[in-house]
Every structure is written in structure tokens, then in C-alpha cells.
Amino acid sequence: MKIAVVILNWNGKKLLEQFLPSVVQNSPEATVYIADNASADDSILFVTTHFPSVQIIKNEYNFGFAQGYNEALKKVDADIFALVNSDVEVTRNWLQPIIETFNNEPETAIIQPKIIDYKRKDYFEYAGAGGGFIDKYGYPFCRGRIFESIEKDLGQYNDSCEIFWASGACFFIRSSVYKELNGFDTDFFAHQEEIDLCWRAKNKNYTIKYNGLSTIYHVGGATLNEENPKKTFLNFRNSLFMLTKNLPKEKLFSTIFIRMVLDGIAGIRFLLQGKFTHLFAILKAHFHYYHLINRNLRKRNDFQLKSYYYKNSIVYDYYIKKRHNF
């Protein structure tokens, strides 16, 4: 089984200096690639000088996460794509449990390892934690992380289980499935495109797994942090894109309506906090959504998964019932 570890890079020399050594050292089973999104720094010179075994793929422009990977993976020959953020430190033998799962479970198409916070190594990390789930209004959450509440790693998720979505911070997928699904949706640019891809995989009856025997450490927010209104814009817009493409027909319009009401409440919250740029980011996200609604409706498959989500509202459980642990 040929494995390609592919790291998307954009002006990330400092991150590559810090984290690439762990990937090269701990991935003898794989070929390591840097997919460069037209960086203006000397990150590629650094890689070719210090890590000559690493393969370089140069994208013509900064395509973002979604199209950046789509373009780069056209040039990668492997059975398994391991898409790894540039701010990830991997551990010894991190690939072995993943390889075993793929070998033993032909129906499993996508796998995520346990993701721990690089800065607090006894806590899970926001982007993925112990595996991703989604509620009936499209809000993602994780084993080990619900909204801003992050659990301490006490070994509670040192298991293997089926999940709804795998984190883009460290995302393993069979290349055949990636190609069958035409990769990430490039309209997303960045954020939640991995959830959309997982949902589309589930609509094709593929299985998505979490494997807690493989561990990586993720910094998180290295490209866009939580305070950046562009991240707010992408999260709100892309969530609506994803719901429109993947919800069952009978739930589509009612769910979108309720979600937009909840977005409005979030906007009022930003207003009361004085975060006007984030309020405008939500409004901009909705305008973009309306502009592309017909295109996203045309992307719907013939089959939409009926039972895919946590049946309640995670927003209600978290903010009203005060349930902060998975």
C-alpha cells in the first residue's frame, strides 16, 4: 500500500522548519510531499536544501486548502493520501494503526488520528480532537471538543470508532475515493471542505473512522485564527454550502431557514460584543450563499443520507443545558 503524506504550504518556512523534521523522521512507510501554493518566501529552498528526499509540487497560484490539494494530488501516485497541516508534529509509528485499519477494513475510506494540542499536550485540539460529528442544524463538534470547551486527554478516546467527519488537519483518504468524489469542493476555498467531503463519502456508503492509537500534535490557527473575520465568513458561508448540497430533500429548506435564524442570533451576539467586523462577515457570508445557491443545489447527489446527525441541537445542549463534554 503506497502512502503519500502531502503537506500544503503557503509562505510557511517557519512552520516547516519546526514540524517537517518529525514528519520525515517518523514516516518511513510513506513518501513525503510539499504541495506549495505559490509561496513568496524561501520555504521551498529550505526544503530542497535540508530535506532532499521530500518531493515538491508547485501550484501556480495560492488556491487555498480545497483547490490547492485538488491540484497537487493530481500529481501524486499513491493508494492512500495523508493530508497533513504544516503545523502538525507526528509521533513515532503514527502511520501503523492507520495502515492496519485500511488493510483490514476495505469499506473504510477516511481515517483521522487522535489530535492533541501542541501547546497543551494533555488536552485535545480544537480541530478534530477525538473525531467529528454534526448536529441537525449543521454545527460540527467533536469527541473531546464542543464549541470552545476542550476536554483533557485522560485516555477516554484511545479507541477506534466510526465518526461523521475527519479533521482536515490530518486527513487520511483512499485515493480511489478521493478521485471518485472529485476531491474537495473548490468553492469552499478553506474551512469545512473536509466535512463536506466526508458527508459526500457517507452518501456513497463509505465508512469514516477515528483511530486513537495514532496520535499527532496540532498547533491550530496557524493560517487563520479565531479572531480573523475572514474565518468567520468562511465558516458561516461554507456551512450553508454544505447543508444545501447534502441534506435530505425533506429537511433541506426547513433546516436552512432555522440555521439562518441561528446565524442571525450569532450576529446579534457579535454586535453586543462590539465585534462589528464579524457581524459584517456573517452578512457577507449570507450574500455569497444566495449568489451561489443554484450552483450548490445542482451539486446534490441522487442519494442523500437520512440518518447522519446528532438528533438534537448541540447549540441548545451547550448553551442552555450546559452540557460541555461529549
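Parameters at a glance
- Residues numbered from 1 in each chain as written.
- Predicted model: local features only at pLDDT ≥ 70, side-chain atom pairs only at ≥ 80, totals over all residues.
- Heavy atoms only, no water.
- Helix = DSSP H or I, 4+ residues; strand = E, 2+ residues; numbered from the N terminus.
- Contact = heavy atoms within 4.5 Å.
- Areas by Shrake-Rupley, 256 points an atom, 1.4 Å probe, with all protein chains shown as cover.
- Lys, Arg positive; Asp, Glu negative; His and termini not counted.
- Charge placed at Lys NZ, Arg CZ, Asp CG, Glu CD.
- Buried < 20%, exposed > 50% of the residue type's maximum accessible area, 1.4 Å probe, protein only.
- Core = buried A, V, L, I, M, F, W, Y, C linked by side-chain atoms within 4.5 Å.
- Phe/Tyr/Trp six-rings, centres within 6.5 Å; stacked < 30°, edge-to-face > 60°.
- Lys NZ or Arg CZ within 6 Å of the ring centre and 35° of its normal.
- Axes fitted to C-alpha atoms, helices over the stretch in contact; angles between N-to-C directions.
- Parallel < 35°, antiparallel > 145°, perpendicular 65-115°, else oblique.
- Left-handed = near helix turned anticlockwise from the far one by under 90°.
- Nonpolar A, V, L, I, M, F, W, Y, C, P; charged D, E, K, R; others polar.
- Salt bridge = Lys/Arg side-chain N within 4 Å of Asp/Glu carboxyl O.

**Quick notes on the overall build of the protein**
Of regular secondary structure, the protein possesses 11 helices and 13 strands. Each principal axis of the C-alpha distribution contributes one length, and for the protein these read about 50 × 40 × 40 Å. A sequence separation of at least 24 residues applies to 77% of the contacts in the protein between residues at least 6 apart. For the protein, the exposed surface amounts to about 14700 Å²; the carbon and sulfur share of it is 53%. Seen as two clouds, the 40 positive and the 35 negative side-chain charges of the protein have centres 5 Å apart.

**Notes on unusual backbone geometry**
With a phi angle near 60 degrees, Asn93 is a residue other than glycine that sits in the positive phi range. In this structure, Asn93 sits in the loop between β5 (88–90) and α4 (96–104). In this structure Asn93 comes out as partly exposed when scored by relative accessible area, which is 44%. Of note in the backbone geometry, Phe147 takes a positive phi value of approximately 50 degrees without being a glycine. Since its relative accessible area comes to 14%, Phe147 is described here as buried.

**A word on the nonpolar core**
Residues Val6, Tyr69, Val76 and Ile110 are the most contacted members of the largest nonpolar core, which totals 63 residues. Leaving out residues up to four positions away in the same chain, Val76 has contacts with Ala4, Val6, Tyr33, Ile57 and Phe81. Leu20, Val23, Ala82 and Phe102 belong to the second-largest nonpolar core, a separate cluster that totals 30 residues.

**Focus on the packing of aromatic side chains**
Aromatic ring pairs: the centre-centre distance and the angle between the two ring planes describe each pair. Across all of its chains, the model carries 24 aromatic pairs by this definition. With 6.5 Å between their ring centres and 40 degrees between their planes, Phe241 and Tyr289 make a pair best called tilted. Of this pair, Phe241 sits in helix α7 (residues 229–246) while Tyr289 is found in helix α9 (residues 276–291), placing the two residues 48 residues apart along the sequence. Considering the side-chain rings of Tyr318 and Tyr319, the 4.8 Å spacing of their centres and the 80 degrees angle between planes classify their relative orientation as edge-to-face. In this structure an aromatic cluster arises from ring pairing among Phe65, Tyr69, Phe81, Phe171, Tyr178 and Phe184. When the ring centre of Tyr126 is taken as reference, the NZ or CZ atom of Arg145 above it lies at 3.9 Å. Note that Lys284 overlies the ring of Phe233, its terminal NZ or CZ placed 4.9 Å from the centroid.

**Focus: the packing of helix α8 (residues 249–272) against α9**
Interaxial distance between α8 and α9 falls to 7 Å at its minimum, and their mutual angle equals 160 degrees. Considering the angle they form, α8 stands roughly antiparallel to α9. Classified by chirality, the crossing of α9 by α8 is left-handed. Between α8, through Ile256, Met260, Asp263, Ala266, Gly267, Phe270 and Leu271, and α9, the contact on the second element is made entirely by Phe276, His278, Leu279, Ile282, His286, Tyr289 and Tyr290. In terms of residue class, the contact of α8 with α9 is built from 10 nonpolar, three polar and one charged.

**Structural notes on the pattern of salt bridges**
As enumerated under the stated definition, the model contains 17 salt bridges in all. Put simply, Lys209 and Glu105 hold a salt bridge, and the shortest N to O gap is 2.9 Å. With Lys209 in strand β13 (residues 207–218) and Glu105 in the loop between α4 and β6 (108–117), the pair connects residues that are 104 residues apart, well separated along the chain. Put simply, Asp185, Asp187, Asp196, Arg200, Lys245, Arg295 and Lys299 are held in one network by salt bridges that share partners.

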